Amino acid sequence: MPTPTYNDYTGDGSNTFFPINFEYLEDEHVTVAVDGVNTSNFTINTDQPTKRVEMTTAPGNGANVRVRRKSQRDTDLVDFENGSVLTESELDRAYRHNRYLHQEIGELNDASLQKAEGSTAWDAKGERIVNVGIPSGASDAT
């Protein structure tokens, strides 16, 4: 089973703590979205047995809270230089950064709209499709 890169929770109007059940390299690689809108209304607490996001304001009752790892794909976390001593920790960090990026894109790909296996038809896997544009042709989806 693939390693998850996010956790979904449902707000109850009072809970402000949400566990982080995935590995990450830097605190800024953890994002939080409430009902699909990213927020900076949180801190990360690592002093607990389980790392957790602590939100300043509790998400409303029934709100979808997604705590996600989003590694910085445009930032090299390790810069190797000629003649330098390569340490195990630097090599491990560079490898983990690449592995995390791979996991994140793989998870997004698995959740994307794809053609049904052995078919030319798109498979929404029983889910609704939202934010469809205004049709311009007779056979466009609406």
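As the structure is a prediction and not an experimental result, all values here were calculated from the model. (Residues numbered from 1 in each chain as written. Predicted model: local features only at pLDDT ≥ 70, side-chain atom pairs only at ≥ 80, totals over all residues. Heavy atoms only, no water.)

(A) Main features of the overall build of the protein. Looking only at helices and strands, one finds one helix and nine strands in the protein. When its helices and strands are written in sequence order, the protein yields β-β-β-β-β-β-β-α-β-β. A compact globule built from 142 residues would reach a C-alpha radius of gyration of about 14 Å, whereas the protein, at 20 Å, exceeds it by more than 25%. Overall size of the protein, expressed as C-alpha extent along the three principal axes, is 65 × 45 × 30 Å. (Helix = DSSP H or I, 4+ residues; strand = E, 2+ residues; numbered from the N terminus. Rg over C-alpha atoms; globule rule 2.2 N^0.38 Å.)

(B) Just helix 1 (residues 88-111), in detail. The terminal C-alpha atoms of helix 1 lie 34 Å apart, and with 24 residues this matches the ideal 34 Å at 1.5 Å per residue to within 8%. Looking only at helix 1, the buried set comprises A94, H97, Y100, Q103, E104 and E107. Considering only its buried residues, helix 1 is in contact with strand 1 (6-10) and strand 7 (64-69). (Expected span 1.5 Å × (residues − 1). Buried < 20%, exposed > 50% of the residue type's maximum accessible area, 1.4 Å probe, protein only. Contact = heavy atoms within 4.5 Å.)

(C) How the structure looks around the sheet that holds strand 1. The strand order 1-7-3-4 describes an open sheet built from four strands, whose pairing is antiparallel. Two strands lie at the open edges of the sheet, namely strand 1 and strand 4 (37-39), each paired on one side alone. Pairs of neighbouring strands in the sheet enclose a mean axial angle of 30 degrees, with direction left out of account. The strands touched by helix 1 are strand 1 and strand 7; relative to strand 7, the strand with the most contacts, the crossing angle is about 140 degrees. (Pairing = 2+ DSSP bridges. Axes fitted to C-alpha atoms, helices over the stretch in contact; angles between N-to-C directions.)

(D) Quick look at the sheet that holds strand 2 (residues 17-19). On the basis of which strands lie adjacent, the open sheet formed by three strands has the order 2-6-5 and antiparallel pairing. In the strand order of this sheet, the two ends are held by strand 2 and strand 5 (42-45), each with one partner. The sheet shows a mean angle of 25 degrees between the axes of neighbouring strands, taken without regard to direction. Pairing geometry for strand 2 and strand 6 (residues 52-55), over three bridges, is antiparallel. Residue pairing in the sheet places F18 in a bridge with V53 of strand 6.

(E) Structural detail: a nonpolar patch on the surface. A contiguous nonpolar surface patch, about 420 Å² in accessible area, is contributed by L113, W122, I129 and V132. Turning to its location among the elements, L113 is positioned in the loop between helix 1 and strand 8 (114-115). With a relative accessible area of 45%, L113 lands in the partly exposed category. (Patch = residues over 30% accessible without salt bridge, like charges linked within 9 Å, V, L, I, M, F, W, Y side chains within 5 Å. Areas by Shrake-Rupley, 256 points an atom, 1.4 Å probe, with all protein chains shown as cover. Salt bridge = Lys/Arg side-chain N within 4 Å of Asp/Glu carboxyl O.)

(F) Seen up close, the pattern of salt bridges. By the definition in use, this model includes six salt bridges. With a shortest N-O distance of 2.1 Å, E26 and R93 are connected by a salt bridge. Of this pair, E26 sits in the loop between strand 2 and strand 3 (30-34) while R93 sits in helix 1, and the two are 67 residues apart along the sequence. Of the residues examined, E26 reaches a relative accessible area of 23% and is grouped as partly exposed.

(G) Highlighting the pairing of strand 5. Pairing between strand 5 and strand 6: four bridges, direction antiparallel. Looking at the pairing, N45 lines up with R52 of strand 6. Where strand 5 hands over to strand 6, the hairpin turn is made up of six residues, counted between the paired strands.

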